[in-house]
Structure formats: structure tokens, C-alpha cells
There are 2 protein chains.
Amino acid sequence: MAGERMDGLVAVLDAVRAGHGVTQAQLARQLGLGRTVVAQRVGRLESAGLVVQDGLAPSNGGRAPRLLRLRDSAGLVAGIDIGATGMAVGLADLAGRVLVQAREPADVAAGPDVVLGRVEELVADLLGRLADPPPLWGLGVGVPGPVEFATSRPVAPPIMPGWDGHPIRERLSARFGAPVWVDNDVNVLALGELRTNPAAAEAADLLYLKIGTGIGAGLVSGGRVHRGVDGCAGDVGHVAVTDADTVVCRCGNTGCLEAVAGGDALARYGRQLAESGDSPVLAGVLAARGSVSVADVTTAADRGDPAAHGLLARAGRLVGATLATLVSFYNPGLVVLGGGVVHAGDHVLAAIRESVYRRSLPLATRTLRIELSMLGDAAGLAGAVHLALDNLFEPSCLPLWLSDGSPSGRPEVASATARRRAI
Amino acid sequence: MAGERMDGLVAVLDAVRAGHGVTQAQLARQLGLGRTVVAQRVGRLESAGLVVQDGLAPSNGGRAPRLLRLRDSAGLVAGIDIGATGMAVGLADLAGRVLVQAREPADVAAGPDVVLGRVEELVADLLGRLADPPPLWGLGVGVPGPVEFATSRPVAPPIMPGWDGHPIRERLSARFGAPVWVDNDVNVLALGELRTNPAAAEAADLLYLKIGTGIGAGLVSGGRVHRGVDGCAGDVGHVAVTDADTVVCRCGNTGCLEAVAGGDALARYGRQLAESGDSPVLAGVLAARGSVSVADVTTAADRGDPAAHGLLARAGRLVGATLATLVSFYNPGLVVLGGGVVHAGDHVLAAIRESVYRRSLPLATRTLRIELSMLGDAAGLAGAVHLALDNLFEPSCLPLWLSDGSPSGRPEVASATARRRAI
């Protein structure tokens, strides 16, 4: 590969990926390249198995020209979505279509050896379920904590004991001989929405807010994930909320959004409503089971319990007050709400919308839509798949594809790519 | 121009702009274009007067190849920085060097006819001060209010009576026969820092916070200005602050950041300190002049007046609390503070830094720098100049350059460009 002229290859490959069938003549016109150059580049991509001639374009009198397409089946990527209490692993083709997947409970607190060991088994199992699988060309991983994107290592993740600085990329790359990219789960969710939800793709400036045990945001600016200089953009669980509470957050501060509106807070407040008798429904739950969960609070609200509804509405207002600041600051076209909050649905959504529309700059909400995620869990897997695909088709990764028809797992190359994208 | 093959032109022009002297052979290698194509494209740019052969590169044995450079003097751009109480107008070459400028008081509330009339006079005067000026190829304008970037029109700007929806682009474009781009003044300041402050260019993710009578932010994501879908990203003057005040803001809400920490608020609180006698220095000012300004508060604090210092520190803490949320959310590498606050210097800066470092996620402040703007007023003019240059060198603007060697003022072309960039 050393010294080979790669120039123009990326442009040709991108144009083939974007088009639904394109001819060499169209490529030459579109890219301003000579026909000889285009033919040489297409030949290179064909010999690497990336591009295939498939079907004929309408003739202009002479022989009908052949259409070029990305060979979606040339390779596989793995998407790995690791959550606090479960994981999903899937294999997808180069168009991002998930071919096989597995989803199961998992405890991220069990540490990287246990969790990544199981990930490796699942990927191997899924590969075994495909008849004659193409090579695995890349892996995208989402984890529930902050990640330094350039190195793919978790950085002081609060709910991932044992993962701080763990070389996830190096481990999986050595096991599967393919490059690996790791990102925060909320960025991965935002990417999944961006690539598979037409409304998100159209908005271009997107804010994904995950409200579960933790609260975090994923940002998309002009169609690109905005990760920030340390890769921790969107970490809004610990911003101070105006309705200050004396509850001490796990971060050590007080009045954190997560500590008054996150899942644990809702369960704690729900138990208080049960104990005080303010919520007869929750009191019944506590008597029967000895505990109250967020799901119980939602169920009680669904049954018309005013105290439970009030609790969810208050959480929605607190989230909405912070979101109003973020909306004024970021001016997204779409806010997607995901995480456990989706199950609380309208009780929370209405309160969030009310706060945002009341407190944001009117211009910033003129065209704003605030929606619950319709993709649910699928967004995480889709995002992990596209995390791998987006990086694989970056120019700096092309040497991987073309060296021997499949990307090597050399971590230094993958890491150089990641660094460039993080800048 | 119709049907002319423009492809590759943009790449060649960009490479010539970026390089400090480059040969045709280097261009061919770098861009993966055939030598014939490069020669044709260079010829086209030379005939348009955009590129010039200037100097010789070291020979490799044969005839020394000629170096290509952007002809900085081929055209002019005008930068127009309209503030609440003053304006600056300058003419720059295609490298962004300001050649002549004028700065004078102005009242934006006098309305667009008065202000833009004076802008037109100043641009004409400055053109007259240049011996044999090249044609004016574009104008960039910053105004102190929200702007719909795609149309270059102000949208309900609170301190610009008469400007709502005013066709600034169409007016100036008709007068000068060149395309016009208009943006919010804080975005323009952020762009000015990005293009002329090496620390800002290096950070790539930048947050410019202007604290004056109004408070607003300019965002840069990965080296591009993030404007949001309605062009109003960064409008944080009216976010609710935790230290809620009963003061009613001009927006109608209470507890707005601007209403408790903006310039008017500081002057009002300063007067209260004078009247109550808590600040002997400010009491003296009030007795002598009948009023207290922000500058008086700063001067009193500089002289060691504890009440005045406390007032500025409190404003800094309130700004810092909001900034902490924005830093956790956006994870910038650099926060630049500009506006009148620069004059209050260390009294405010220390309090802002303290709040941010105390309340932001530790990872988000690991490499964060918070600095006062060193460029001051110059950033606005530089930003307006680069607003025009950045857009002029966009691919969609090239037909303007090449049609007859200078861009026409056809607003529909400029507007199409702006729309594309806003997406």
C-alpha cells in the first residue's frame, strides 16, 4: 500500500455509497475526475470487494452503462450496546441493516472482564448463526459512562466500577482483528436516532435527553455528534436545578437534576408517598411487596392516583427547567426523550413541554419538536452499528479496507482515526 | 457559465488558499487529480484573477516549478459590526487583513434606515480612501439581536426597534452589487476569535460569552459556528438562575440571568449601594453626578470598595452558575468572556471561574480554559470580515466569482448559500 495513490478513492466510494446505483460516467461528471482516474479507482474498490457492478443504466444509444453499488455484504460490523443492567449485540451489513442480534441482562458493575468476556461470546455466537459470514470489519460499542473518544477508554465512569481507563478498544480489537470505537451510550442513542429516525436526520441539530436512573444528553450539530473536547458533552445529570433539594447526590453536590428527578429519586419519593399514605395505590404496593419502583409510580399515575401523577409532573417540570436552558443555548430542531421516562409517557412529557415552552426564548421553540423516542432500545444498537460504519468509511480508515480487502485490527490506525474525528 | 465543469475547482482553490505557495504538481498529488485537470482549473482561477503564480519552488533537476498563491488583492470584503451604541466598518483583503476602518457612535434604536444609511456612507468613504481599490466582493454584518441566518433578517430583536424582518441583505446587496451575510453579533465575535485567536482555533469547541447590557453566547462546534435551527443558539440572557430575584426582566419573566447580572442590573444595584451608604465610593459618585454606571461600580471595586467588589463577585457567581451548566452540556476547550465585563476584569473573572470549577463535571473542566477576550472590539470587525470570506469561498458561491471575475449581488445566490450552511 505504501505510496499508492489513494486520492479520489474516498470521493468515489462516498458517491457510490450515497447513490442508489451510479455509472462511471456520472461519477466522473459529479466528481470532476477524468474517466481514466475514475475507472482506476473503481477497479481498486472492486478488487477490494467494496464496489460491485449491478444492473444497467438506461442507454443513451450505445451500450447500456453498468451501475455501481456498494457491496453491502462485503463485510460485517458489530454493534454492542452495553447498559447498566442489560446489553444488546448485533451484526449488521455495510448498509447498517441488523442481520442477527441478541439481547440479555447484564450487570455493568461486574467489571470489564465479565462483561466484555460475555460480549465476545455473543459476537462469536452471532457469527456462527450466519451461513458463510463475511469478515467482521469493525465494532462500535456504547457504554453507560463518559468515554475519552480519542482513546476509546472510559473516564471515571460513576456506575462502572473497574472500567476506569480500561482498554476496551485494544481488547476487542485483538480478539476480532478489527478496529473498535467506543462512545458514551447517550451519544450512541443520539447517533442511532440521527441515522434511523427521518425526523432526526431532517432536524440536523438534535438533542437526545436520556432520563433514567441517570440523566444525560447526546448532541448533534449539523448532522455530526458534538462530543466536546474531552468527549463528555451532554453530561447534564449534575447541573443545579432551581428547585433546590437538600438531597446529597452521589456526586457529592446537592440540588443535582439527577438527584431530584432521576429514577432513584422517583422511587424514593414514591416510597415516601406510600409511607405517608398520600398515595393509597403506592401504599398498597409497599404493603404487598415491601418496595416501590419507578414503574410502580407510573402505574399508579396511570390509574389516576393524584399523588403519583404529581410526583411525575414535578420531575417533568424540573427536567423541563434545565431543558429550557439547553434549548435556548443550543436551539435544536428536535428534542428526543429516551430512557425509562418513555414508560412514564404523558405524565412527564406534558410537564417537560410546559416548562420548555414557558422558559425558552420564543424564537428557539418556534419550530421545536419534543418527542418521546419511538425507537426505544433499538436506537442503542443502531447507533453502535453506525458508530462503526461512520468511522470505517472515513478517509483515514481506507488503508485498512484496501490493504488486503479487509481492515486489520491495528489499534494505532483506528486510534488515529478516532483522534482526527474527535478534533 | 451554464454547463461549465466547476468540479475540482473548489478543491484547487481551497488547497491554494490553505497552502503558503503550492505547485501544480503538488496540487495534483494532493487532490488526486490529473495534471491536465489541475492545469485547466488553475488556468480558470488565474483568468478570474483569484490565483497568481508567484515565486519558484526548489527545482528537482529540471525547470523550477512556479508557486501558486491566492491573489489576496483580487477583491475586498467589508466587515460591518453594528452594536447597540456604536458601529465599526472596515475593508479587508481576501486574506482577512483589515486595510482601512472607521469606528463611531451609533444608536441601533434609530432604526435600519438611519443606521444602514450611515453604514453605506462609511463603506463608500473607506473605498474612497484606497488608491485604485479592487471590487467589493462581499459584506459581512453583525447586529445586536437574533437573526434568521438563512434570510439574513433580524427576528424580533429586543433592542432593535424597527429592524424586525428588515431585509438588510437585499438593501446592502442592491447598493454594493455584492452578496451579504448577516449574523448575530455574538456569533460574529465567536467567529472573530476563532479566526484570529490561536487558542480559539486550537480549541475547536469554543464558547464565547458576551456579558454587557445583554448576555449572550456564541458557540463553535468542531471549528464551525453552531447557530441552531432558527439561528438563535446562544441566547442565554433569559435562562432562569438559581439565585432567583423578584426583578421582572424586559422579557416578562423573572429571575432571568440578564436581569440580575447584566449591565443594567449592576448599575441599578450600584445605585442602591450608593443610596444605602453601603458603598461610600458610589455614594460620592451619586452625589457628584446624580447617577451610577457599571463603570463606576468597577472603578469603586478597583479602589477597594468592599460593597462594589461584592456586587461584581455576586454577578460573577450568577453568570458562573449558568456557565457551569453550559460547560457540562457543551464541554468546550475554551470559554472566552467578552463585552463590558472585560473592564470589570478580575473581580468578575475569579467568581465566574470559581462557580464553573465548583459546579461543572470534573471531566468537563479538566482541560478547560476561561479567559477574558484579548481582542476586544477588534473581534467583532474581524468576525464580520470572516463571515463574508467564509461564505464567499463556499462551493456554492464559486459561480459568483467566476462569472465575470467578481461576484454579482444576486441575492438569490447568496441566500441559497446561506440556506445550505444553515442546514
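If you're wondering where the values come from, they're calculated on a predicted model, not measured in any experiment. In this convention, every chain numbers its residues from 1, walking through the sequence in written order. Each chain takes a letter, starting from A, and each ligand takes a number, starting from 1, following the order in which they are written. Local features in this predicted model are restricted to residues whose pLDDT is 70 or higher, and side-chain atom pairs enter the listing and the counts only when it is 80 or higher, whereas totals over whole chains, interfaces and linings include all residues. Hydrogen atoms and water are omitted, and side-chain values are computed over all heavy atoms in the structure.

With respect to the overall build of chain A
Tallying secondary structure elements over chain A gives 16 helices and 14 strands in all. Radius of gyration: C-alpha atoms only; globule rule: 2.2 Å multiplied by the number of residues to the exponent 0.38. Here the C-alpha radius of gyration of chain A, 24 Å, is about what a compact globule of 423 residues would show, namely 22 Å. Expressed along its principal axes, the backbone C-alpha trace of chain A runs to roughly 80 × 50 × 35 Å. Partly exposed describes any residue whose relative accessible area lies between the buried limit of under 20% and the exposed limit of over 50%, with all areas from a 1.4 Å probe on protein chains only and scaled to the type maximum. Sorting the 423 residues of chain A into buried and exposed places 58% on the buried side. Any pair of residues with heavy atoms lying within 4.5 Å of one another is described as a contacting pair. Long-range contacts, defined here as pairs at least 24 residues apart, represent 63% of the contacts in chain A between residues at least 6 apart. Surface accessibility in these figures is a Shrake-Rupley result with a 1.4 Å probe; residues are shielded only by whichever protein chains are displayed. Total accessible area on chain A stands at roughly 16,100 Å², and carbon and sulfur atoms take up 53% of it. Across chain A, the mean location of the 38 positive side-chain charges is 7 Å away from that of the 42 negative side-chain charges. Runs of H or I in DSSP of at least four residues are treated as helices and runs of E of at least two as strands, each being numbered from the N terminus. His is not counted here, nor are the chain ends, while Lys and Arg score as positive and Asp and Glu score as negative. All charge positions are set by atom: Lys at NZ, Arg at CZ, Asp at CG, Glu at CD.

Topic: the relation of the copies chain A and chain B
Least-squares superposition of the copies uses the C-alpha atoms of those residues scoring a pLDDT of at least 70 in each of them. With an RMSD of 0.1 Å, the operation that places chain A on chain B is a rotation of 180° combined with a shift of 0.0 Å along the axis. Taken together, the turn and the small shift mark the pair as related by a two-fold rotation axis. In this assembly, 100% of the residues forming the interface of chain A have copies in chain B that are likewise at the interface, indicating an isologous arrangement.

Looking at the packing of aromatic side chains
Classification of ring pairs uses Phe, Tyr and Trp, with its six-membered ring standing for Trp, and accepts pairs whose centres are within 6.5 Å; under 30 degrees between planes counts as stacked, over 60 as edge-to-face, and the remaining range as tilted. On inspection of all chains with the given rule, the structure shows four aromatic pairs over all chains. Both rings, one in F329 of chain A and one in F329 of chain B, keep their centres 6.2 Å apart while their planes meet at 70°; by these two values the pair is edge-to-face. Of this pair, F329 of chain A sits in helix 12 (residues 306-330) while F329 of chain B sits in helix 12 (residues 306-330), each in a different chain. Assigned by exposure class, F329 of chain A and F329 of chain B land together as buried. Aromatic side chains F329 of chain A and Y330 of chain B sit 5.7 Å apart centroid to centroid with 85° between the ring planes, which places their arrangement in the edge-to-face category.

Describing the packing of helix 6 (residues 185-196) of chain A against helix 14 (residues 378-392) of chain A
Residues and elements named next belong to chain A. The N-to-C vectors of helix 6 and helix 14 enclose an angle of 85°; their axes lie 7 Å apart at closest approach. Between helix 6 and helix 14, the interaxial angle falls into the category roughly perpendicular. The segment helix 6 lies against helix 14, with V188, L189, L191, G192, E193, R195 and T196 engaging A379, G380, A382, G383, A384, H386, L387 and D390. Angles shown run from 0 to 180 degrees and are taken between the N-to-C directions of axes, each axis being a line fitted to C-alpha atoms and, for helices, limited to the stretch in contact. Every angle not falling under 35 degrees, over 145, or within 65 to 115 is termed oblique; those three ranges are roughly parallel, roughly antiparallel and roughly perpendicular.

Here's the deal with the environment of G145 of chain B
Residue and element names in this part refer to chain B. Along the chain, G145 turns up in the loop between strand 6 (136-143) and strand 7 (147-148). For the pair G145 and G290, spaced 145 residues apart in sequence, the C-alpha separation works out to 31 Å. In contact with G145, not counting residues within four places along its chain, are P157, M160, N184 and D185.

Observations concerning the sheet that holds strand 11 (residues 215-221) of chain B
Residue and element names in this part refer to chain B. A pair of strands is considered paired only if DSSP assigns at least 2 bridges between the two. One open sheet holds the five strands; their spatial order is 12-11-10-13-14, and the pairing between them is mixed. Here the strands that pair on one side only, and so sit at the sheet edges, are strand 12 (224-226) and strand 14 (369-372). The sheet shows a mean angle of 25° between the axes of neighbouring strands, taken without regard to direction. Here five bridges tie strand 10 (residues 206-211) to strand 13 (residues 334-338), and the two strands are oriented parallel to one another. Counted as the bridge partner of L207 is V335 from strand 13. In the packing of helix 6 (residues 185-196) onto the sheet, contacts are made with strand 10, strand 11, strand 12 and strand 13, and the angle to strand 10 comes to roughly 130°.

Observations concerning the interface of chain A and chain B
Taken residue by residue, the interface counts 57 residues in chain A and 57 residues in chain B. Its largest share of buried area at the contact with chain B, chain A owes to D230, F329 and R359 of chain A, together 18% of the area lost on that side. By salt bridge we mean one thing: a side-chain nitrogen of Lys or Arg within 4 Å of a carboxyl oxygen of Asp or Glu. Connecting chain A to chain B are four salt bridges. Here R366 of chain B ties to E148 of chain A by a salt bridge, and the two come within 3.1 Å at their closest N and O atoms. If you list the elements that add at least two residues to the side of chain A that touches chain B, you get helix 2 (24-31), helix 3 (35-47), strand 11 (215-221), helix 12 and helix 13 (341-359) of chain A. Throughout, buried area stands for the accessible area (probe radius 1.4 Å) lost by two parts on being put together, summed over both.

Quick look at the environment of M87 of chain B
Residues and elements named next belong to chain B. Here M87 lies in strand 4 (residues 86-92). Residue M87 is classed as buried on the basis of its relative accessible area, which comes to 4%. For the pair M87 and N391, spaced 304 residues apart in the sequence, the C-alpha separation amounts to 22 Å. With residues near it in sequence (within four places) discarded, M87 still touches D81, I82, A102, R103, E104, A106, V115, R118, V119 and L122.

Some points on the domain arrangement of chain A
All names here are of chain A. How far each domain reaches was decided by an automatic or database domain assignment. With domains assigned, chain A is organised as domain 1 (9-70), domain 2 (76-191 + 378-422) and domain 3 (201-372). Using C-alpha coordinates to define each centre, domain 2 is positioned 29 Å away from domain 3. Counting residues at the interface gives 14 residues for domain 2, matched by 15 residues for domain 3. Summed over both partners, the interface of domain 2 with domain 3 buries about 1,100 Å², with 57% contributed by carbon and sulfur atoms.

Let's talk about the UniProt feature "domain: HTH marR-type" (unreviewed entry) in chain A
UniProt positions are given in the numbering used here, feature names are shortened, and annotations may be inferred rather than shown by experiment. UniProt tags residues 11-53 of chain A as "domain: HTH marR-type" (unreviewed entry). Across residues 11-53 of chain A one finds 67% helix and 7% strand; the C-alpha atoms that close the span lie 18 Å apart.

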